[in-house]
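# Structural features, examined
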Amino acid sequence: MLSDIGPHASEDALEGYAVGFLGEAEAESLEEHLLVCNRCQDRLVETEAFIRATRQAARNLPAELPEALPARAWRLPRLVWGPALAGVVVLLGISGWWGLRRHQDAPPVAVALEALRGDSLPAARAPSGRTLLLRVDLNGLPDSGSFELDVVSAQGRLLQRAVVPRAGTAAQTTLAKLEPGQYWVRLYDQPRRGPLREFGLRVE
Amino acid sequence: MLQVSFSPPPGRPEEPAGSLPRGLVRRRRSRLPRLPDWAGLVERIRAGDPAGMEELYGVFSRGVRFYLYRQLGLQELEDKVHDTFLIVIQAIRRGELREPERLMGFVRTIVRRQVVAYIDAVVHDRREQAGLHCGLGVTDGRSDPEQDAIARQQTEIMETVLRSISRRDREILTRFYLQGQSQAQICAEMNLTDTQFRLLKSRAKSRFGELGRRRLRLRPLARFFRRTSAAPGD
């Protein structure tokens, strides 16, 4: 008599598990299947390779790829130098102010902290001086409604603390701007008993 | 306390499944693994039958190694796998597994506990040594040049894929994979059906695989794209 381990995992399930969108019960069932199914282990590895490559490629590419502008023939009117110079100064001032404002109002940068160890992305990277939208992988963690998250410096000094609710197999929170350096993001259960998971975060 | 002497049987594949990927791998015929009857296996382990322990190892070793590798990296992986099997066998012998058909869930629970305990220990160590600026890490931060090269290759391939699709499709993939938005949210905001969403992802994956295989034919990078170990459970 042979034991039944259920069907192979679907592409959606593997992807949901890899990106942290799978519900706890589904994740549990999938993890059990993965323990004994070599084929699904390999498929998960492939899926994760695709996701990692997509994330990195999307980061590398500019948000708006340049598009060719139609050539236009147009002629400048005869300049009157005084007003033109004043106009340039005003424009520079406006663009400087606008640039500064854009930098200050820049949307948070999404950073995924994944429980994928020993592969090609050893620690998450994030830009300094920007608010970070942290997405923490909860795959494999106890089925708890919320967690506490600490951000500590490389020397172990506590810098930020937040309570993050579980959303499927991930949790999301916003971090204030960080200076360049190495940080550790630690996840604790609630009430706090001990650390459940720790992620490296390099701010550059 | 029960004393269990346990050593992995010879001739089993020892390579962690997590190191297999090398990116794109050829799809193989789907077949569910043949597994033993859990009740009989648990009974043999309880009775101290070495063949039962060997069978347990044969069934779960790759999966346990895969899980531990994904969570903790390569460091002391074999020791952790060995410890996990010892704990499983001792727990079964003590009668802690009341429903043998739940063996897979039982093993999974123990592996997860092992991961949590290991992380706890490392965090504690780091806290103790914080003043020394010690660089201990739970994350396996080693930079393997081969893996870096593979990752770079895969990223380049994906950049090619992203450049070749429309701005809207690129935005959909970026929202889902990079920004972590849910399928429901993206579909609602971008006026997409679930089928269109799946189709887009499927096309991107297929193009990624196709370009990877093309590179494989053009360059001597076979090892980056091939499966590196046999899968006995297939």
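Only a predicted model underlies this, so the values are computations on that prediction, with no experimental measurement involved. The residue numbering used here restarts from 1 in each chain and proceeds along that chain's sequence as written. Chains carry letters and ligands carry numbers; both start at the beginning, A for chains and 1 for ligands, and go up in the order they are written. With the structure being a predicted model, the display of local features is reserved for residues of pLDDT at least 70 and the display and counting of side-chain atom pairs for 80 or more, all residues being used for whole-chain, interface and lining totals. As a rule here, side-chain values cover all heavy atoms of the structure and leave hydrogens and water aside.

## Details of the overall build of chain B
In this text, helices come from DSSP runs of H or I with a minimum length of four residues, and strands from runs of E with a minimum of two, each type numbered from the N-terminal end. Helix and strand counts for chain B come out as nine helices and zero strands. Each helix (α) and strand (β) of chain B, taken in turn from the N terminus, gives the series α-α-α-α-α-α-α-α-α. Per-residue burial over chain B gives 49% buried out of 234 residues. Two residues form a contact once any of their heavy atoms are found within 4.5 Å. The contacts in chain B between residues at least 6 apart in sequence include a share of 70% that link residues at least 24 apart. Summed over all atoms, the accessible surface of chain B reaches about 11900 Å², with 49% contributed by carbon and sulfur. Using a 1.4 Å probe on the protein chains alone, a residue whose accessible area is under 20% of its type maximum counts as buried, one over 50% counts as exposed, and one in between counts as partly exposed. For the area figures, the Shrake-Rupley method with a 1.4 Å probe applies, and any residue is considered shielded solely by the protein chains shown.

## A short note on the pattern of salt bridges
Take a side-chain nitrogen of Lys or Arg and a carboxyl oxygen of Asp or Glu: if they are within 4 Å of each other, that pair is a salt bridge. Enumeration over the complete set of coordinates arrives at 22 salt bridges over all chains. Ionic pairing is found between Arg102 of chain B and Glu32 of chain A, a salt bridge with its closest N-O pair at 3.2 Å. In this pair, Arg102 of chain B is assigned in the loop between α3 (77-93) and α4 (103-128) and Glu32 of chain A in helix α2 (residues 24-36), connecting two distinct chains. Across the pair Arg161 of chain A and Asp150 of chain A runs a salt bridge, and its minimum N-O distance is 2.8 Å. Within this pair, whereas Arg161 of chain A is found in strand β5 (residues 158-167), its partner Asp150 of chain A is found in strand β4 (residues 146-153), the two being separated by eleven residues in sequence.

## A closer look at the confidence of the model for chain B
Residue and element names in this part refer to chain B. Of all residues in chain B, 71% have pLDDT values of 70 or greater, and the mean over the chain is 77. Note: pLDDT gives the predictor's confidence per residue, expressed from 0 to 100. Low pLDDT, under 50, characterises residues 9-29; the predicted model gives this stretch 70 contacts beyond four residues in sequence or across chains. In this model, residues 132-142 is a region of pLDDT below 50 whose contacts with residues beyond four sequence positions or in other chains number 28 contacts. Predicted complex metrics record ipTM = 0.72 and pTM = 0.59.

## Considering the side chain of Asp189 of chain A
All names here are of chain A. With respect to the helices and strands, the residue Asp189 is situated in the loop between β7 (181-188) and β8 (195-203). According to the relative accessible area criterion, Asp189 is buried, its value standing at 8%. Beyond its immediate chain neighbours, meaning those up to four positions away, Asp189 contacts Phe147, Gly194 and Leu196.

## Quick word on helix α5 (residues 145-164) of chain B
A helix is expected to span 1.5 Å multiplied by its residue count minus one. Taking 1.5 Å as the rise per residue, α5 of chain B with 20 residues should run 28 Å; its terminal C-alpha atoms sit 29 Å apart, in good agreement. Listing the buried residues of α5 of chain B in full gives Gln147, Ala149, Ile150, Ala151, Gln153, Gln154, Thr155, Ile157, Met158, Glu159, Val161 and Leu162 of chain B.

## Observations regarding helix α3 (residues 38-60) of chain A
Helix length check: α3 of chain A (23 residues) gives 33 Å between terminal C-alpha atoms against 33 Å at 1.5 Å per residue, within 8%. A large share of α3 of chain A lies buried, amounting to 20 of its 23 residues.

## So, the sheet that holds β4 of chain A
Residues and elements named next belong to chain A. Spatially, eight strands are ordered β1-β3-β6-β5-β4-β7-β8-β2 in an open sheet, and the strand pairing comes out mixed. The sheet is open, and its two borders are formed by β1 (109-113) and β2 (124-126), each paired with just one other strand. Geometrically, the sheet is characterised by an average inter-axis angle of 30 degrees between neighbouring strands, direction not taken into account. Here β2 pairs with β8 via three bridges, running parallel. Residue pairing across strands places Arg125 opposite Arg202, the latter belonging to β8. In this scheme, strands are said to pair when DSSP sees at least two bridges between them. Lines fitted to the C-alpha atoms define the axes, with helices restricted to the stretch that makes contact. Angles between their N-to-C directions range from 0 to 180 degrees.

## Observations concerning a nonpolar patch on the surface
Residues and elements named next belong to chain A. Residues with no salt bridge and a relative accessible area higher than 30% make up the patches, which join like charges within 9 Å and nonpolar side chains (Val, Leu, Ile, Met, Phe, Trp, Tyr) within 5 Å. A contiguous nonpolar surface patch, about 450 Å² in accessible area, is contributed by Val90, Ile94, Trp97 and Trp98. Of note, Trp98 is situated in helix α4 (residues 81-104). Trp98 gets classed as partly exposed once you look at its relative accessible area, which sits at 44%.

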